[in-house]
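Residue-level structure breakdown
Below are the chains, spelled out letter by letter.
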Amino acid sequence: MKSLMRESKNKLKLGTFSANCSGGMAVTKVDERWNNNWENNIDLVKQCDAAGIEFMLPIARWIGYGGEKDFHGNVLETVTWAAGLAAHSKNIQVFATVHTAFNHPIVTAKQLATLDQMSGGRLGLNVVAGWNKPEYDAFGKDLPGDHADRYNMAQEWFDYVQKLWTEDKPFDWDGTFYQGKGVYSLPHPIQDRMPVINAAASDEGRNFAMRNADFLFTPVFDFEQAAETVKDITARAASVQREVDLLTFCSVVCRPTQKEADDYLNWYANENADWEAVDNLMTLQGLHAQSFPPEALAMFRDRFAAGHGGFPLVGTPDKIADLLEQLSNTGVAGTTLSFVDYAKEFPYFRQEVLPRLESKGLRLPKQDS
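Quick look at the structure, then. (Residues numbered from 1 in each chain as written. Predicted model: local features only at pLDDT ≥ 70, side-chain atom pairs only at ≥ 80, totals over all residues. Heavy atoms only, no water.)

**A few points about unusual backbone geometry**
Put simply, the rule reads: Residue burial is assigned from relative accessible area. The probe radius is 1.4 Å, only protein chains are included, and a residue is buried under 20% of its type maximum, exposed over 50%, and partly exposed in between.
Omega for the peptide link from Leu186 to Pro187 comes to 5 degrees, which places this bond in the cis form. If you check the backbone angles, Gln241 has positive phi at about 60 degrees while not being a glycine. With relative accessibility at 76%, the residue Gln241 sits in the exposed group.

Printed below as a string of structure tokens:
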């Protein structure tokens, strides 16, 4: 069975990001900020599924970022979240985000293969090495100071899971980080290959993605940098005889007029930003994650308040469709979308922006995609 993410005929793939987390991607104090309760997530997945959106991607978080509202302090665990969303949808690909540092390969292999069967082959894996030191502290683990050490462990973890998904007979595993005797894991996933996303921006992270992932998930800051990133990962992937597509993430404020969009952005991401949480998040990113270059962290504090550092899509439906066209023209294969309130704001995006993307040839009508 083939993956929906690979089989989509849409030039620009679309997904949502962080709907399992309190606040979503907007570090704000406004009352309408995203409530990640289960009812809202069911509402959102049904809307996205009906609209032909390709995927939903969660963030695996264990400790929030503090501030007045404790941004990401309330988080639905991603594997069980994916199982529930699959049960309430028909076509959309639902990803589980898994920290290699905190989840044993044997347990994860069994969980995800089970969910792939339950969903009819609609599960995806977002594999992350982990970077948030307070979370390592919570698990009683030391955060490796060397980025390469995190990815050495992640590579062994990934290789172990892949072997569990392909071997029918018991085998022994004697690695640097994991050991096991007489190990096997049945059933296997029903997809020929479960789609793999890896979120990374560092050299080690990008090289890990080139070896293992189908999609590199990474921030872009402007169209020139996006095109350079696509060129870089295309060359890296070709050097190991693989194809890896680039996905990024965007924050959306779509309104009938530019003024309405700008005013709302200022309202939630400036006047009512949770600046303490913004600064905590940016400090941790700068110290440990390497997801954003230092110069980007310095320049884009407002973008962290607006959408966790995502590329801003702010304006009328026409402007947002034009921005997405420019993004696609850089070679980016797709993007996630986030809203202050996903479930309430997505219908306008669906009604006004998706038809414009279809007219630009970026997406096909749902029945053809």
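The discussion continues.
**Quick look at the packing of aromatic side chains**
Pairs of aromatic rings are described using the distance from one ring centre to the other and the angle between the two planes. Just so we agree on the cut-off: Any two of the Phe, Tyr and Trp rings considered here, Trp counted by its six-membered ring, make a pair once their centres fall within 6.5 Å; the pair's planes then place it as stacked at under 30 degrees, edge-to-face at over 60, or tilted in between. Secondary structure follows DSSP: runs of H or I at least 4 residues long count as helices, runs of E at least 2 residues long count as strands, and numbering of each begins at the N terminus. Definition used: whenever NZ (Lys) or CZ (Arg) falls within 6 Å of the ring centre and also within 35 degrees of the ring normal, the charge is taken to sit over that ring.
Considering all chains together, one arrives at 20 aromatic pairs under this definition. For the ring pair Tyr264 and Tyr268, a centre distance of 5.4 Å and an interplane angle of 40 degrees mean the geometry is tilted. Pair noted here: Tyr264 and Tyr268 are both in helix H9 (residues 258-271), with a separation of four residues, about one helical turn. According to the relative accessible area criterion, Tyr268 is buried, its value standing at 2%. Feature note: the residues Trp34, Phe339, Tyr342, Phe346 and Phe349 constitute an aromatic cluster, connected by ring pairs. For Lys163, the ring lying beneath its charged end belongs to Phe171, and the centroid distance is 4.9 Å. Sitting over the face of the ring of Tyr264, Arg255 holds its NZ or CZ atom 4.5 Å from the ring centroid.

**Some points on a nonpolar patch on the surface**
Threshold: Only residues above 30% relative accessible area that lack a salt bridge enter a patch, with like-charged residues linked at up to 9 Å and the nonpolar side chains Val, Leu, Ile, Met, Phe, Trp and Tyr linked at up to 5 Å. Using a 1.4 Å probe, the Shrake-Rupley method yields the accessible areas, and only the shown protein chains count as cover for residues. Think of a salt bridge as a Lys or Arg side-chain nitrogen and an Asp or Glu carboxyl oxygen that are within 4 Å of each other.
Taken together, Trp62, Ile63 and Phe139 make up a surface patch of nonpolar side chains, about 250 Å² in accessible area. Following the sequence through the fold, Phe139 ends up in the loop between helix H5 (133-138) and helix H6 (147-166). Taking relative accessible area as the criterion, Phe139 reaches 35% and is therefore assigned partly exposed.

**Let's talk about the packing of helix H2 (residues 38-51) against helix H3 (residues 78-87)**
Condition: A fitted line through C-alpha atoms represents every axis, and for helices the fit uses only the stretch in contact; the resulting angles, taken between N-to-C directions, go from 0 to 180 degrees. Each angle gets one of four labels, with under 35 degrees taken as roughly parallel, over 145 as roughly antiparallel, 65 to 115 as roughly perpendicular, and the rest as oblique. Left-handed describes a crossing in which the near helix is turned anticlockwise from the far one by less than a right angle; the clockwise case is right-handed. Contact criterion: two residues are considered in contact whenever any of their non-hydrogen atoms come within 4.5 Å of each other. In this classification, the charged set is Asp, Glu, Lys and Arg, the nonpolar set is Ala, Val, Leu, Ile, Met, Phe, Trp, Tyr, Cys and Pro, and all remaining amino acids, among them Gly, are polar.
It is at 10 Å that the axes of H2 and H3 come closest, and there the two elements cross at 50 degrees. Here H3 runs oblique to H2, going by the angle between their axes. Between H2 and H3 the crossing geometry is right-handed. Note on element contacts: H3 touches H2 through Trp81, Gly84 and Leu85, opposite Trp38, Asn41, Ile42 and Val45. A per-class count over the contact of H2 with H3 returns five nonpolar, two polar and no charged.

**Observations regarding the pairing of strand S9 (residues 245-254)**
Each regular strand carries side chains that alternate between the two faces of the sheet. Basically, it comes down to this: Strand pairing is defined by DSSP finding a minimum of two bridges between the two strands.
Of all ten residues in S9, nine are buried, a share of seventy percent or more. One ladder, built from three bridges, connects strand S8 (residues 215-217) with S9; its direction is parallel. Directly across from Leu216, in S9, lies its bridge partner Leu246.

**Re the nonpolar core**
What counts is decided by this rule: Remark: nonpolar core denotes a set of buried residues (Ala, Val, Leu, Ile, Met, Phe, Trp, Tyr, Cys) joined through side-chain atoms within 4.5 Å.
Among the nonpolar cores identified, the biggest contains 88 residues, and Leu125, Leu313, Leu324 and Phe349 are the most heavily contacted of them. Among the elements that take part in this core, H6 stands out by supplying nine residues, more than any other. Excluding anything up to four places from it in sequence, Phe349 contacts Leu14, Val252, Ile320, Leu324, Leu337, Phe339 and Leu354. Counting 22 residues, the second-largest nonpolar core is a separate cluster that includes Phe71, Leu284, Val314 and Val340.

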